[in-house]
Amino acid sequence: MNFNQSRQAITPKSFWSKSILFLLFFFFAFANSNAQILEPVKWTSKIEKKSETNFVLIFDGIIEKDWHMYSQFTPEGGPLALEIAFKNQKGNYNLVGKAKEGKTKTSFNDIFEVNETYFEGKAHIEQEIKVINPNLKTVEVEFDFQVCKEVCINSNKKFSIAIPATFKMETVPAVTEAKKDETKKEGLVVDTVVKKEADSKVIKLEKIDNATAKVVDDLQKPAPARSLWSIFFIAFISGFAALLTPCVFPMIPMTVSFFTKQSKSRAKGIRNAIIYGLSIIAIYVILGLIVTKIFGADALNALSTDVWFNLIFFVILIIFATSFLGAFEIMLPNSWANKADQQADKGGIIGILFMALALAIVSFSCTGPIVGTLLVEAASNGGIAPVVGMLGFSSALALPFMLFAMFPGWLNSLPKSGGWLNTVKVVLGFLELALAFKFLSNADLVLQLHFLEREVFIAIWIAIFAALTLYLFGKITLPHDSPLQHISVGRLYLGIITLVFTAYLIPGLWGAPLKLISAFPPPPQYSESPFGVGSSGSGNTTTSEKGLPKGAELGPHGIVVFHDYEDGLAYAKSINKPIMLDFTGYACVNCRKMENNVWSDERVLPILKNDVVLISLYVDDKRELPADKQFVTASGDKIETVGDKWTEFMISKYKTNTQPLYVITDLEGNNLNSSKPTISYVDVEEYLVWLKEGISNFK
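Everything numeric in this text was worked out from a predicted model, so none of it was measured.

(A) Quick peek at the packing of aromatic side chains. By the definition in use, this model includes 24 aromatic pairs. Ring centres 5.3 Å apart and planes at 65° place the aromatic pair Tyr 284 and Phe 393 in the edge-to-face group. Here Phe 393 lies in helix α12 (residues 385-406) and Tyr 284 lies in helix α6 (residues 266-295), a separation of 109 residues in the sequence. Both residues of the pair, Tyr 284 and Phe 393, count as buried. Among the aromatic residues, ring-to-ring pairing joins Trp 43, Phe 59, Phe 143, Phe 145 and Phe 159 into one connected group. Lying over the aromatic face of Phe 439, Lys 438 brings its terminal NZ or CZ to 5.5 Å of the ring centre. For Arg 491, the ring lying beneath its charged end belongs to Tyr 471, and the centroid distance is 4.9 Å.

Set out below in structure tokens:
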């Protein structure tokens, strides 16, 4: 199979040798084959002079109705984010900050489970540059972006923007290289876009569910309400957990008694306690605002997927966990607490505010790890999530102070301080330790190092929660534990829960899905033994006794899949089975739905495992091809990446660029289905009939 063949135009050799009907048939067939090549975004650009050395590059895209283009701040694991590459930057100019975007919208995608950020109607992007080479004539910029409606297109657009000697700010539509000389006029800034037929990779999508398609009209809200409510609830529970630590719990009766005794009336004591509680909330909310302001709402989102950020936070959580387990105390400088206490003595509202600040400082050794964890978890949602998280945490922390001030008699019902407070702290330490490995796993997944694969991750969690179970049953003691004469009922119940959870984790080593914690461990495919520990295969005929065939890996539902056509073809020839080509994409929603809903069917799955050789070709694979494998098509498209290669193969061979696309072929590359040579997003029944027809025609 030669992938470098150019697309052949359908033209008759002799007009007189064909009937008019025959000509019309080919005309409409050719028109239909090209109707799928879409370009929903029309770009213009301009350059503005800011100083003698600084310029602002401005790009405006007009997006067709009902389409939307994804922002550069859409997180990993979801649709393809906008990527901006400055090709001739080295030695010529420096970027001043990150590219700024105009108005965007955000909504939750329940397939990828991320908050997508996107443009509708128009896209506006600005990038300031500082020129360091006075001889620089042009700035070469390349956009890779995804634009979606009911189909998604992964497009590439190259710009060559001139820096004029005589500057005049004026927007000029993008023009082709062929028309470059025609459009240059004295004093006019012309955007000389290198016109390239978009190397589009189209992903056919099912109509998005109304709940998913509905976007938040208020552009200031970066996430749907249910997401922010979830963050608030988790933070609220975490606030109650912090309340039950040795640093905070003993402060409740002391502080409430102070307000009730020092105040001239009960009403004034209640008022002061409420002000105290609101001050606690204000301090933590301000902390959330500071974090958001320093890093930026969108930067926090991007930062949370960064390898170094995940590694650093893994180390921080290990330190926090070690502190909670009793190795040492993490404390802010005593001088801070002393200064806050001195200010608190002044009385009045200012004094109460400083009392709240003193509480935050003194309790930092217990609350700091929880607050830090919440801020990072909230950061992964971007926007105002850190503020919402701090609001939930501080509300739970402040609520008891206000309630006990209103009802002082309740203080008598509080349990006395004692060893149980340290037990709460130790339990939190174990939880921090388990959570730390989630961040290490994130970094490992991004780098594809396979150091922390699924079995190793689950084994670590089993060890952590087994140790927690032994601790709760009194079989392990830690430095600050009080002598344990007996186990309380509450501690016994908690020990039973952790024991059950530990037992629940164990089957995960043998491939159990562990749906309760699906968001934490690596996916099943990212595994040392994809079939489960102690298993050498899944029982299907496409897997050898020694493991997977050369070039194959385990795909959805344990199907052996190839990602290179030549590898898959060689294997199909060796076992004499038909090939099923699966043109797909990492960011293809309907591809995932077909895999989840159709491939998993009990009638379809055995066929895919045993009767065909599956070759999944990802059209959005950004890995660069070796230099000797890159080529330019007859239409001028440069094939540089693996995804480009499979897209060109699909368009030249099957005259379409939509995904998912399924084709069953023989060992010579010929289609085996006559009624429907290819098929896309369909239901189980139609897919099954098509699959059986193709296989039955294999000889």
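Once the structure has been displayed, the description carries forward.
(B) Quick look at a nonpolar patch on the surface. Among the surface-exposed residues, Leu 484, Ile 487, Val 489, Leu 492, Tyr 493, Ile 496 and Val 500 lie close enough to one another that they form a single nonpolar patch of about 620 Å² accessible area. Examined against the element boundaries, Leu 484 turns out to sit in the loop between α14 (454-472) and α15 (489-505).

(C) A look at the sheet that holds strand β14 (residues 552-554). Spatial ordering of the open sheet is given by β14-β15-β17-β16-β21-β22, a layout of 6 strands whose pairing is mixed. Across the chains shown, the open sheet's two edge strands, defined by having one partner strand only, are β14 and β22 (678-679). Bridge count between strand β21 (residues 661-665) and β22: 2 bridges; the pairing is antiparallel. Among the inter-strand pairings, Tyr 662 is bridged to a residue of β22, identified as Ile 679.

(D) Main features of the side chain of Lys 577. Following the sequence through the fold, Lys 577 ends up in the loop between α16 (565-575) and β16 (579-584). Buried within the structure, Lys 577 lacks any salt-bridge partner; Asp 611 is the closest side chain of opposite charge, at an N-O distance of 5.4 Å. For Lys 577, the side chain forms a polar contact with the main-chain oxygen of Asn 610, separated by 2.4 Å.

(E) Looking closely at helix α20 (residues 684-696). In this model, α20 (13 residues) spans 18 Å end to end at C-alpha, consistent with the 18 Å of a helix rising 1.5 Å per residue. For α20, every residue scored as buried is listed here: Val 684, Tyr 687, Leu 688, Trp 690, Leu 691 and Gly 694. One side of α20 carries all its buried residues, which in axial view fall inside an arc of 165°. Of the exposed residues in α20, those oriented more than 90 degrees away from the buried face are Val 689 and Ser 696. Its side-chain oxygen placed 3.3 Å from the backbone nitrogen of Glu 685, Asp 683 serves as the N-cap of α20.

Cut-offs used in this document
Residues numbered from 1 in each chain as written. Predicted model: local features only at pLDDT ≥ 70, side-chain atom pairs only at ≥ 80, totals over all residues. Heavy atoms only, no water. Phe/Tyr/Trp six-rings, centres within 6.5 Å; stacked < 30°, edge-to-face > 60°. Helix = DSSP H or I, 4+ residues; strand = E, 2+ residues; numbered from the N terminus. Buried < 20%, exposed > 50% of the residue type's maximum accessible area, 1.4 Å probe, protein only. Lys NZ or Arg CZ within 6 Å of the ring centre and 35° of its normal. Patch = residues over 30% accessible without salt bridge, like charges linked within 9 Å, V, L, I, M, F, W, Y side chains within 5 Å. Areas by Shrake-Rupley, 256 points an atom, 1.4 Å probe, with all protein chains shown as cover. Salt bridge = Lys/Arg side-chain N within 4 Å of Asp/Glu carboxyl O. Pairing = 2+ DSSP bridges. Lys, Arg positive; Asp, Glu negative; His and termini not counted. Polar contact = N/O pair within 3.5 Å; in protein donor to acceptor, adjacent residues only side chain to side chain. Expected span 1.5 Å × (residues − 1). Arc of directions from axis to C-beta.

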